[in-house]
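The primary structure of each chain is shown beneath.
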Amino acid sequence: MTSLDSSMTILVAGGAGFVGSHLCDALLAKSHRVICVDNFLTGSRSNVRPLDNNRNFRLIEANICNPLEIDEPINQIYNLACPASPPSYQADPVRTMMTSVVGTGNLLHLAERHGASFLQASTSEVYGDPEQHPQREDYWGHVNCTGPRACYDEGKRAAETLCFDMLRGGRVDARVVRIFNTYGPRMSPDDGRIVSNLIVQALRGEPLTIYGSGEQTRSFCYVSDLVTGLMALMDVDPNPGVPVNIGNPGEFSIGELAEMVLTMTGSASPIVYRPLPVDDPQRRRPDISRARELLGWEPTLALAEGLSLTIPWFAQSIRSATKKAGRGRTTSQVIAAAPL
Ligand code: NAD
Ligand code: UDP
């Protein structure tokens, strides 16, 4: 089934998260029915609260590690359910690994029973600390399978394996997207990722934390570009049968990003340097030739444009949190708990 069909029922696992909630919005805007499955581990009920009164939206609180049955036909399943920031996926590494392996397995079986197409949110982390640059999909990667990042990287690699085995076996029309660092409104302010950390620190007038020298690089994609790419891969006919990188090839050092955030927020915060986490990848940039060829997709927003849409959202969130802090809690307690 393709997007040409006027209305489909689409399950989004992890739909209350940062990317997932934007995906739910985009699918509903195309008049699809959306079933969001989430256990709110790192996502937020408030990300999907505006959809409460949408009759095409259904929210199911569930953990994908438990077998799931849905009492209505489903045409497509997007699996975004997994903690995504290093601090959140390392907080309970066994759970993270199981979420990718057992959880993805459960959703693939659900897709098989419903004859639904399936899109797995994989990651640039499958390339580990890459020895090839930029990263093409035919690069097998350089992952330390016993290190602290392995619960995420190896879990996502195993989930890719499950998808391609189900596809080769003719059981599920499975697709795999390898997502590179993505940012935008609704990132959790306290999940420890670089863009949210730097913006929140700058806006609060706190020191900007750079881990290591700040020379390591990442390539940052604005969330609406990512969502367009996810839907393009899910809907392309025929199934390409290979993983596809989705990301913005603009490559920036973490030091450059910090300077941009300081300039764009007008903040006088100092920069402080902290130890580099173990196995932190040194360079990352997607080769997106495959997405261009197969999907006709490429990102449309440069980093400065995306930041100019993201910073005001965090500023507004901090203002509301600060207002609420007047009612008993400290600002940081409120911001940490804030349903942004
Ligand atoms: P996020 O933490 O905001 O969203 C993940 C969502 O999954 C949350 O709502 C969380 O509550 C839910 N979840 C986690 N475990 C679950 C479980 N067992 N059962 C049900 N729900 C569960 O993260 P995000 O940035 O929106 O990432 C979404 C997906 O994209 C993740 O799979 C992540 O690995 C992948 N990804 C994201 C990026 C990025 O830069 N944002 C990069 C690469 C890959
Ligand atoms: N990082 C940093 N300061 C922070 C948070 C992260 O310097 O406050 C670094 C981190 O060490 C990594 C890069 O920024 O080199 C991107 O980190 P993030 O956690 O956003 O994503 P990932 O490492 O998974 O790409």
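In short, a report on the structure.

A look at the overall build of the protein
Stage number 1. The helix and strand tally for the protein stands at 11 helices and 13 strands.
Stage number 2. With respect to the principal axes defined by its C-alpha atoms, the protein has extents near 55 × 50 × 35 Å.
Stage number 3. For the protein, with 340 residues in total, the buried portion stands at 54%.
Stage number 4. Considering only residue pairs separated by 6 or more positions, the protein has 79% of its internal contacts joining residues 24 or more positions apart.
Stage number 5. Approximately 14,400 Å² of the protein is accessible, and the part contributed by carbon and sulfur atoms is 52%.
Stage number 6. Across the protein, the 31 positively charged side chains and the 36 negatively charged ones have centroids separated by 6 Å.

Topic: the site of ligand 1
Stage number 1. The immediate surroundings of ligand 1 are formed by 28 residues, with Asp38, Thr42, Asn63, Tyr152 and Thr182 found nearest.
Stage number 2. Arginine 193 is positioned with one of its side-chain polar atoms (N or O) 2.9 Å from an oxygen atom of ligand 1.
Stage number 3. Compared with its free state, where it exposes 820 Å², ligand 1 has 96% of that area covered by protein.
Stage number 4. Breaking the shell around ligand 1 down by element, the ones donating at least two residues are α1 (18-29), β5 (117-123) and α5 (150-168).
Stage number 5. Considering each element in turn, the shell around ligand 1 owes the most residues, three residues, to β5.

Observations concerning unusual backbone geometry
Stage number 1. Cis geometry is found at the peptide bond from histidine 133 to proline 134, where omega equals -10 degrees.
Stage number 2. Of note, proline 134 is situated in the loop between β5 and α5.
Stage number 3. Phi angles above zero are rare outside glycine, and arginine 186 is one such case at about 80 degrees.
Stage number 4. Structurally, arginine 186 can be placed in the loop between β7 (182-183) and α6 (194-204).
Stage number 5. Note on arginine 186: relative accessible area 21%, which makes it partly exposed.
Stage number 6. A positive phi angle, close to 65 degrees, is found at aspartate 279, a residue other than glycine.
Stage number 7. Structurally, aspartate 279 is set in the loop between β13 (271-274) and α9 (289-295).

What about the nonpolar core?
Stage number 1. Within the largest apolar cluster, 61 residues are counted, with the highest numbers of intra-cluster contacts made by Leu23, Tyr78, Leu230 and Leu307.
Stage number 2. Once you skip the residues sitting within four places of it in the chain, leucine 230 turns out to touch Val19, Leu23, Tyr78, Leu80, Leu119, Val177 and Ile179.
Stage number 3. Membership of the second largest hydrophobic core comes to 24 residues, among which are Ile74, Ala116, Val172 and Val176.

With respect to the site of ligand 2
Stage number 1. Contacts to ligand 2 come from 17 residues, most closely from Asn197, Tyr211, Arg218, Asp280 and Arg284.
Stage number 2. One nitrogen or oxygen atom from the side chain of arginine 149 is found 3.1 Å from an oxygen atom belonging to ligand 2.
Stage number 3. With respect to ligand 2, the side chain of aspartate 280 contributes an N or O atom lying 2.6 Å from an oxygen atom.
Stage number 4. Against a free-state accessible area of 520 Å², the protein chains account for coverage of 96% of ligand 2.
Stage number 5. Put simply, the parts of the chain that give the shell around ligand 2 at least two residues each are α6 and β8 (208-211).
Stage number 6. With three residues, the top contributor of residues to the shell around ligand 2 is β8.
Stage number 7. Residues belonging to the shell around ligand 2 are distributed by class as follows: six nonpolar, five polar and six charged.

Observations concerning helix α4 (residues 93-114)
Stage number 1. Taking 1.5 Å of rise per residue, the 22 residues of α4 would be expected to cover 32 Å, and the 31 Å separating its terminal C-alpha atoms lies within 8% of that figure.
Stage number 2. At threonine 99, α4 shows its maximal kink, close to 35 degrees.
Stage number 3. In the core, the buried residues of α4 are packed alongside β1 (9-13), β4 (76-79), α3 (86-91), β5, α5 and β6 (174-179).
Stage number 4. Immediately beyond the C-terminal end of α4, within one or two residues, lies glycine 115, with a positive phi of roughly 65 degrees.

Quick look at the sheet that holds strand β2 (residues 33-38)
Stage number 1. An order of β3-β2-β1-β4-β5-β6-β11 is seen for the seven strands of this open sheet, with the pairing classed as parallel. Looking at strand neighbours, the two that pair on one side only are β3 (57-61) and β11 (244-246), the edges of this open sheet. Direction aside, the axes of adjacent strands within the sheet are offset by 20 degrees on average.
Stage number 2. As defined by bridge partners, β1 adjoins β2 across five bridges and the pair is classed as parallel. Among the inter-strand pairings, alanine 13 is bridged to a residue of β2, identified as valine 37.
Stage number 3. Where α1 meets the sheet, its contacts fall on β1, β2, β3 and β4, and the angle it forms with β1 comes to roughly 170 degrees.
Stage number 4. Contacts between helix α7 (residues 223-235) and the sheet are confined to β4, β5, β6 and β11, with β6 contributing the most and set at about 160 degrees to the helix.

A closer look at the packing of helix α8 (residues 254-265) against helix α10 (residues 303-325)
Stage number 1. Viewed as axis vectors pointing N to C, α8 and α10 meet at an angle of 50 degrees, and their least axial separation amounts to 11 Å. If you check the angle between α8 and α10, you find them oblique. In the packing of α8 onto α10, the handedness of the crossing is right-handed. Of the residues in α10, those touching α8 at Leu257, Met260, Met264 and Thr265 are Leu303, Ala304, Leu307, Ser308 and Ile311.
Stage number 2. Looking at the contact of α8 with α10 residue by residue, the classes come out as seven nonpolar, two polar and no charged.

Reading guide: rules and limits
- Residues numbered from 1 in each chain as written.
- Chains lettered and ligands numbered in written order.
- Predicted model: local features only at pLDDT ≥ 70, side-chain atom pairs only at ≥ 80, totals over all residues.
- Heavy atoms only, no water.
- Helix = DSSP H or I, 4+ residues; strand = E, 2+ residues; numbered from the N terminus.
- Buried < 20%, exposed > 50% of the residue type's maximum accessible area, 1.4 Å probe, protein only.
- Contact = heavy atoms within 4.5 Å.
- Areas by Shrake-Rupley, 256 points an atom, 1.4 Å probe, with all protein chains shown as cover.
- Lys, Arg positive; Asp, Glu negative; His and termini not counted.
- Charge placed at Lys NZ, Arg CZ, Asp CG, Glu CD.
- Near = heavy atom within 4 Å.
- Polar contact = N/O pair within 3.5 Å; in protein donor to acceptor, adjacent residues only side chain to side chain.
- Core = buried A, V, L, I, M, F, W, Y, C linked by side-chain atoms within 4.5 Å.
- Nonpolar A, V, L, I, M, F, W, Y, C, P; charged D, E, K, R; others polar.
- Expected span 1.5 Å × (residues − 1).
- Bend = angle between axes of the 7 residues up to and from the residue.
- Pairing = 2+ DSSP bridges.
- Axes fitted to C-alpha atoms, helices over the stretch in contact; angles between N-to-C directions.
- Parallel < 35°, antiparallel > 145°, perpendicular 65-115°, else oblique.
- Left-handed = near helix turned anticlockwise from the far one by under 90°.

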